[in-house]
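The primary structure of each chain is shown beneath.
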Amino acid sequence: NFCNDQECLNRGTYTECGNDCPCGNLCMNQRIRKKEKVKHRIAYMGSKGWGFITLEDIPVGGLVGEYIGEVLNDEEKKRRLKEDYIRNQNFYLLELGGNLCLDATRKGAVTRFINHSCNPNARTEKWRVDGNLRIAIIAIKKIPAGTEVQMLAGLL
């Protein structure tokens, strides 16, 4: 059973297995497709604003959730920062590179509340699911239940 370990060729290329995977329902490389995410709560973290607290232990390599938002080009991002978000401290942009970013302010998932940290316990990864680019938040160290999930913002 290749989909439950690091020997899965798709996993090695950051591509989720499709519905035609020979492992069938036992495939462990369909986490984004199946909308897996950890149990969590959103809590006010003082000067950082809102934060994402895991309610379960997350192992290294575990999926926290998917980062979802509107894809913006550099021009639209600058316009929103200058016009729409000028008086708003709570906006959620994730740089994708290539003059693109995801804006989760208006259309996003709860993972937008994951704060930046210089000592992160999670990171973003680009994955292909059915040919589409998706952004997963992955634990880079064991994250105990009750801990705030934090990532290095914008680096993929």
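Everything in this summary refers to the structure shown in the same document.

What counts and what doesn't
Residues numbered from 1 in each chain as written. Predicted model: local features only at pLDDT ≥ 70, side-chain atom pairs only at ≥ 80, totals over all residues. Heavy atoms only, no water. Pairing = 2+ DSSP bridges. Helix = DSSP H or I, 4+ residues; strand = E, 2+ residues; numbered from the N terminus. Polar contact = N/O pair within 3.5 Å; in protein donor to acceptor, adjacent residues only side chain to side chain. Contact = heavy atoms within 4.5 Å. Buried < 20%, exposed > 50% of the residue type's maximum accessible area, 1.4 Å probe, protein only. Salt bridge = Lys/Arg side-chain N within 4 Å of Asp/Glu carboxyl O. 1 Å grid on protein atoms, 1.4 Å probe; cavity = no way out; pocket = protein on both sides within 12 Å on 5 of 7 lines; lining within 4 Å. Points joined across faces, edges and corners; volume = space filled by probe spheres on them. Axes fitted to C-alpha atoms, helices over the stretch in contact; angles between N-to-C directions.

Here we look at the pairing of strand E6 (residues 100-103)
So, step 1. Both strand E4 (residues 70-73) and E6 contribute to a ladder of 4 bridges, which runs antiparallel. In the strand pairing of E6, Leu72 is matched with Cys101.
So, step 2. Inspection of the sheet shows strand E5 (residues 93-97) paired to E6 by 4 bridges, in the antiparallel sense. Directly across from Glu95, in E6, lies its bridge partner Cys101.

Looking at the side chain of Glu125
So, step 1. By the element assignment, Glu125 lies in strand E8 (residues 122-129).
So, step 2. Polar contacts involving the side chain of Glu125 include one to the side chain of Arg123, which spans 2.6 Å.
So, step 3. Every residue in contact with Glu125, bar those within four places of it in the chain, is listed here: Tyr14, Arg134, Ile135, Ala136 and Ile138.

Digging into the environment of Cys118
So, step 1. Position of Cys118 relative to the elements: it lies in the loop between strand E7 (115-116) and E8.
So, step 2. What makes Cys118 exposed here is its relative accessible area of 72%.

Some remarks on the pattern of salt bridges
So, step 1. Under the definition given, this model contains 14 salt bridges.
So, step 2. Across the pair Arg79 and Glu76 runs a salt bridge whose closest N-O atoms are separated by 2.9 Å. Pair noted here: Arg79 and Glu76 are both in helix H2 (residues 74-84), with a separation of 3 residues, about one helical turn.
So, step 3. Glu76 sits in the partly exposed class, given a relative accessible area of 23%.

Some remarks on the layout of surface pockets
So, step 1. Of the voids in this model, the second largest pocket is the one considered here, and its volume is about 310 Å³.
So, step 2. When residues of the lining of the second largest pocket are traced back to their parent elements, those giving at least two are E5 and E7.

Quick word on the sheet that holds E4
So, step 1. Reading across from one edge, E4-E6-E5 is the order of the 3 strands in this open sheet, with antiparallel pairing throughout. Among the strands making up the open sheet, the edge pair consists of E4 and E5. When strand polarity is set aside, the average angle formed by the axes of neighbouring strands in this sheet is 30°.

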